[in-house]
Amino acid sequence: MLNINNNKDALAPVIDVSQVNKWYGQFHVLKDINLKVMRGEKIVICGPSGSGKSTLIRCINALEEHQQGDIVVDGTELTRDLKNIETIRREVGMVFQQFNLFPHLTVLENCTLAPIWVKKENRVEAEKTAMALLERVKIPEQADKYPGQLSGGQQQRVAIARSLCMNPEVMLFDEPTSALDPEMIKEVLDVMIELANEGMTMICVTHEMGFARTVADRMIFMDDGQIIEEGPPETFFNNPASERTQQFLGQILSH
Amino acid sequence: MQKEMIEARTPPIMTVGALAWIKGNLFNTATNCLVTLVIAYGLFALIPPLIQWAFIEAVWTGESSADCTADGACWAFVNARLDQFIYGFYPPEHTWRVDIFFVQLAVVLAWLMIPAIPGKKYGLVYGLVAMPITSWIVLSGGMLGLTPVDTHDWGGLMVTLVLAMYGMLASLPIGVLLALGRRSEMPVVRTFCTVYIELWRGVPLITVLFMASVMLPLFVPEEIVFDKLIRAMIGMVMFQSAYMAEVVRGGLQAIPKGQQEACDSLGMGYWKSMLLVVLPQAVRMVIPGIVNTFIALFKDTSLVLIIGLFDLLSIVQAGLNDPVWLGTSTEGYIFAALVFWIFCFGMSRYSQSLENKRQEH
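Residues numbered from 1 in each chain as written. Chains lettered and ligands numbered in written order. Predicted model: local features only at pLDDT ≥ 70, side-chain atom pairs only at ≥ 80, totals over all residues. Heavy atoms only, no water.

Notes on the overall build of chain B
Next, step 1: Assigned secondary structure in chain B consists of 14 helices and zero strands.
Next, step 2: Taken from the N to the C terminus, the helices and strands of chain B come in the order α-α-α-α-α-α-α-α-α-α-α-α-α-α.
Next, step 3: Radius of gyration (C-alpha) of chain B: 26 Å, far over the 21 Å computed for a compact globule of 361 residues.
Next, step 4: Oriented by its inertia axes, the alpha-carbon framework of chain B measures out at about 90 × 65 × 40 Å.
Next, step 5: Counting 21 positive and 25 negative side-chain charges, chain B places the centres of these two groups 16 Å from one another. (Helix = DSSP H or I, 4+ residues; strand = E, 2+ residues; numbered from the N terminus. Rg over C-alpha atoms; globule rule 2.2 N^0.38 Å. Lys, Arg positive; Asp, Glu negative; His and termini not counted. Charge placed at Lys NZ, Arg CZ, Asp CG, Glu CD.)

The structure is reproduced here in structure tokens:
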């Protein structure tokens, strides 16, 4: 189902962010960010709120504009050209903190809207794909309901399925469990872990450190708009180099 | 501590029944008793004489106001003039063409409003595209072997409905475009739409109609000046679409930013995300406002009387000047008001049913 493109150069990074800077007015939110993501790699970004981690992943699919530096996604450079932006967005799926499902459409219609209208798939084909993906996120029986009739955890799983329907190369997760009740976090994380095990390239902004330990190939800690520390989870959690990382981990792991 | 889970129980029996309601709501305090009694007396004093006048003593048929009595309504006037009220001066041998227009309108409305009738999509296309075109051809003629009927001869209810229908059909899409334009990131588009909206909203409709009928011919060469009815119609559409734009903009502003971002992240371009995601939600949200504007538009059609077009109200008024029917103005105005009210109330009810449907999910 998940067709990871093998015909492309497996050694080239699928996402290449170099020397990216971004300002909101006078406020410098991203400072000299460099990040290379290899195909199939899972990256977890953490850091205090306001550190720029959401802004960074939102720059990757051009939901936010960066003012300096280059972002290359799967060989396409992100410029202001709308064509380029739309090409990149089709390659990159995104899951939001607030789910952002379309409330006027059923779960199935949410999943088939973009495949039908953007990729010009025929309806039957698109619905087949969507049902298979809903099966994978374990809610095929909700296909004909509206988002408002589902729990938060179910909605987020639909949002993941909706992104996967576009068959993306990379998935971005922007705090996918932060708006969920504790009892629903696990069902969403389980789906994400499964996705990771199938080889999807993932960048997750999350505070779920258990999840990070399980799936991350690389941890990134951001503070004050910069990447403070990055490395494999074992070193990151057990032996963080920077004092700020230690402090942060101490705060979120203490209870 | 609670040992077992509490079973769900039925609610306590309430004091129900008509008598309990009356006691609880109308006669619960001394002031309310007094108010109830005064209102009851008022109704008692008003309603029986009204029924007496409008129905029991009323005269339904007759040749002139001489046939009517002083104690009852003279519906004979409305009855005798009904054809003119409906068709204006449309040639009597061609009024079947107007009937086709009415029937088409009724079919579309029934198609869209009655849930049991299938194929709403086709109904919508028929109502929005096919019907306006065929109706215009059938009404004005000059094609398909139909005798041309000049719009000077149109009048009465048909003009009201023609103006209202084309006005609504055109002002909603134009209003939507203006609303989108006013929120656009392109400065030229945004400025143009803002200026347009503020300009037209700041001018009384009567002025617009005067401009369309009197001023325009002064500035534009005679060959280009088209039909007065069409000019009035364009003026009304320009005016109402500015109001419509602001109503729709209210809806657009209520849609969370995340919806647009979700569309963006799926690679949907501007028009796709607007047409498939944002507008369907925004328009549903402002149905009451849209219908409110429609109702205003429907009643505003009566303003065309000042530029010499005969809509329902002006043709009733013209009939009142007939010496044969002197003294029937009350009946004439009541009739016109009733017809307007029926249409407006219908629209209001339809809007409520749409809202209820929206709340189901």
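A short note on the layout of surface pockets
Next, step 1: The space that makes up the second largest pocket amounts to roughly 1,500 Å³.
Next, step 2: If you trace the second largest pocket, you find 41 residues lining it, with A:Arg89, B:Glu185, B:Gln260, B:Asp264 and B:Tyr270 closest to the centre.
Next, step 3: When contributions to the lining of the second largest pocket are tallied by element, the ones reaching two or more residues are β4 (68-73) and α2 (82-91) of chain A together with α6 (157-182), α9 (228-254), α10 (257-265) and α11 (270-285) of chain B.
Next, step 4: For the lining of the second largest pocket, the per-class residue count stands at 17 nonpolar, 10 polar and 14 charged. (1 Å grid on protein atoms, 1.4 Å probe; cavity = no way out; pocket = protein on both sides within 12 Å on 5 of 7 lines; lining within 4 Å. Points joined across faces, edges and corners; volume = space filled by probe spheres on them. Nonpolar A, V, L, I, M, F, W, Y, C, P; charged D, E, K, R; others polar.)

What about the environment of B:Leu313?
Residues and elements named next belong to chain B.
Next, step 1: Inspection of the secondary structure assignment puts Leu 313 in helix α13 (residues 312-320).
Next, step 2: On the accessibility criterion, Leu 313 (22% relative accessible area) is partly exposed.
Next, step 3: Not counting residues within four places of it along the chain, the set of residues in contact with Leu 313 comprises Ser 302, Leu 305, Tyr 333, Ala 336 and Phe 340. (Buried < 20%, exposed > 50% of the residue type's maximum accessible area, 1.4 Å probe, protein only. Contact = heavy atoms within 4.5 Å.)

Details of α6(B)
Residue pairs spaced three or four apart in an α-helix point in one direction, given the helix's 3.6 residues per turn.
Next, step 1: Its 26 residues place the ends of α6(B) 36 Å apart at the C-alpha level, agreeing with the 38 Å of an ideal helix rising 1.5 Å per residue.
Next, step 2: Within α6(B), 20 of the 26 residues are buried, which leaves the element mostly enclosed by the surrounding structure. (Expected span 1.5 Å × (residues − 1).)

Some points on the interface of chain B and chain A
Next, step 1: On the chain A side, the residues contacting the 18 residues of chain B number 23 residues.
Next, step 2: Both sides of the chain B and chain A interface together cover about 1,800 Å² of buried area, and 64% of this is carbon and sulfur.
Next, step 3: In this structure, the connection of chain B to chain A is made through two salt bridges.
Next, step 4: Here A:Arg89 makes a salt bridge to B:Asp264, at a shortest N to O gap of 3.9 Å.
Next, step 5: At the boundary of chain B and chain A, one finds six residue pairs in polar contact (both at pLDDT 80 or more).
Next, step 6: Counting residues per element, the ones that place at least two in the side of chain B that touches chain A are α10 and α11 of chain B.
Next, step 7: No other element matches α10(B), which puts seven residues into the side of chain B that touches chain A. (Buried area = accessible area lost by both parts, 1.4 Å probe. Salt bridge = Lys/Arg side-chain N within 4 Å of Asp/Glu carboxyl O. Polar contact = N/O pair within 3.5 Å; in protein donor to acceptor, adjacent residues only side chain to side chain.)

Some thoughts on the sheet that holds strand β9 (residues 218-223) of chain A
Residue and element names in this part refer to chain A.
Next, step 1: An order of β6-β7-β8-β3-β9-β10 is seen for the six strands of this open sheet, with the pairing classed as mixed. Each edge of the open sheet carries a strand with a single partner, namely β6 (92-95) and β10 (226-231). The mean angle between the axes of side-by-side strands here comes to 20 degrees, regardless of whether they run parallel or antiparallel.
Next, step 2: In terms of strand pairing, strand β7 (residues 170-174) meets strand β8 (residues 201-205) through five bridges, oriented parallel. Considered in β8, the bridge of Met 171 is made with Met 202.
Next, step 3: Together, β3 (42-46), β6, β7, β8 and β9 form the strand contacts of helix α1 (residues 53-60), whose direction differs from that of β7 by roughly 150 degrees.
Next, step 4: Relative to the sheet, helix α9 (residues 243-253) contacts β3, β9 and β10, its axis offset from that of β9 by approximately 100 degrees. (Pairing = 2+ DSSP bridges. Axes fitted to C-alpha atoms, helices over the stretch in contact; angles between N-to-C directions.)

Concerning the side chain of B:Asp311
Residues and elements named next belong to chain B.
Next, step 1: Relative to the helices and strands, Asp 311 resides in the loop between α12 (287-300) and α13.
Next, step 2: Side-chain polar atoms of Asp 311 contact the side chain of Ser 314, separated by 2.6 Å.
Next, step 3: Residues contacting Asp 311, with those up to four places away along its chain left out, are Gly 156, Val 159, Thr 160, Thr 301, Ser 302, Val 304, Leu 305 and Phe 340.

Overview of empty space enclosed by the protein
Residue and element names in this part refer to chain A.
Next, step 1: For the structure shown, the criterion picks out one cavity of 30 Å³ or more.
Next, step 2: Around the largest cavity sit Leu 133, Arg 136, Val 137, Leu 164, Val 191, Glu 194, Leu 195 and Glu 198, which together line it.
Next, step 3: Elements with a minimum of two residues in the lining of the largest cavity: α4 (123-136) and α6 (182-197).
Next, step 4: A per-element tally of the lining of the largest cavity places α6 first, with three residues.
Next, step 5: Taken together, the residues of the lining of the largest cavity sort by class into five nonpolar, no polar and three charged.

Concerning the confidence of the model for chain B
Next, step 1: Residues at a pLDDT of 70 or more form 96% of chain B, whose mean pLDDT is 86.
Next, step 2: Confidence scores differ between elements of chain B, with helix α1 (residues 18-25) of chain B showing the lowest mean pLDDT of 79 and α10(B) the highest of 94. (pLDDT = per-residue confidence, 0-100.)

Details of the packing of helix α3 (residues 107-117) of chain A against α4(A)
Residues and elements named next belong to chain A.
Next, step 1: Direction vectors running N to C along α3 and α4 enclose 130 degrees, while the axes themselves pass 9 Å from each other. Classified by the interaxial angle, the pair formed by α3 and α4 is oblique. For the element pair α3 and α4, the recorded crossing hand is right-handed. Contacts between α3 and α4 involve Val 107, Leu 108, Cys 111, Thr 112, Pro 115 and Ile 116 on the former and, on the latter, Arg 123, Ala 126, Glu 127, Ala 130, Met 131 and Leu 134.
Next, step 2: By residue class, the composition of the contact of α3 with α4 is nine nonpolar, one polar and two charged. (Parallel < 35°, antiparallel > 145°, perpendicular 65-115°, else oblique. Left-handed = near helix turned anticlockwise from the far one by under 90°.)

Examining the domain arrangement of chain B
Next, step 1: Assigned domains within chain B: domain 1 (2-56) and domain 2 (76-90 + 149-360).
Next, step 2: Each of domain 1 of chain B and domain 2 of chain B has a C-alpha centre, and these two points are 40 Å apart. (Domains from an automatic or database assignment.)

A few points about the pattern of salt bridges
Next, step 1: For the structure on display, the rule yields 24 salt bridges over all chains.
Next, step 2: Taking the shortest distance from any N to any O, the salt bridge between B:Glu246 and B:Arg182 comes out at 2.9 Å. Placement of the pair is B:Glu246 in helix α9 and B:Arg182 in helix α6, with a sequence separation of 64 residues. The same class applies to B:Glu246 as to B:Arg182, namely buried.
Next, step 3: Each of A:Lys22, A:Arg58, A:Glu64, B:Lys257 and B:Glu261 takes part in a single network of salt bridges with overlapping partners.

Points about the sheet that holds strand β2 (residues 27-37) of chain A
Hydrogen bonding along the main chain pairs the strands of a sheet, whether they run parallel or antiparallel.
Residues and elements named next belong to chain A.
Next, step 1: As summarised here, the arrangement of the four strands in space is β2-β1-β4-β5, forming an open sheet in which the pairing is antiparallel. Only two strands of the sheet have a single partner each, and these edge strands are β2 and β5 (76-77).
Next, step 2: Sheet topology places strand β1 (residues 15-24) next to β2; seven bridges connect them, and they run antiparallel. Each bridged residue has a counterpart across the sheet, and for Tyr 24 the counterpart in β2 is Phe 27.
Next, step 3: Here α1 sits on the sheet and contacts β1, β2 and β4; the angle it forms with β2, its principal contact strand, is near 60 degrees.

With respect to the packing of helix α8 (residues 205-219) of chain B against α9(B)
Residues and elements named next belong to chain B.
Next, step 1: The interhelical angle for the contact between α8 and α9, taken along N-to-C directions, is 140 degrees, at an axis separation of 9 Å. As far as their axial angle goes, α9 and α8 are oblique. The way α8 lies across α9 gives a crossing that is right-handed. Residue-level inspection shows Leu 205, Val 208, Leu 209, Ala 212, Ser 213, Leu 216 and Pro 217 of α8 in contact with α9, the latter providing Lys 228, Arg 231, Ala 232, Gly 235, Met 236 and Phe 239.
Next, step 2: For the contact of α8 with α9, a count of residues per class yields nine nonpolar, two polar and two charged.

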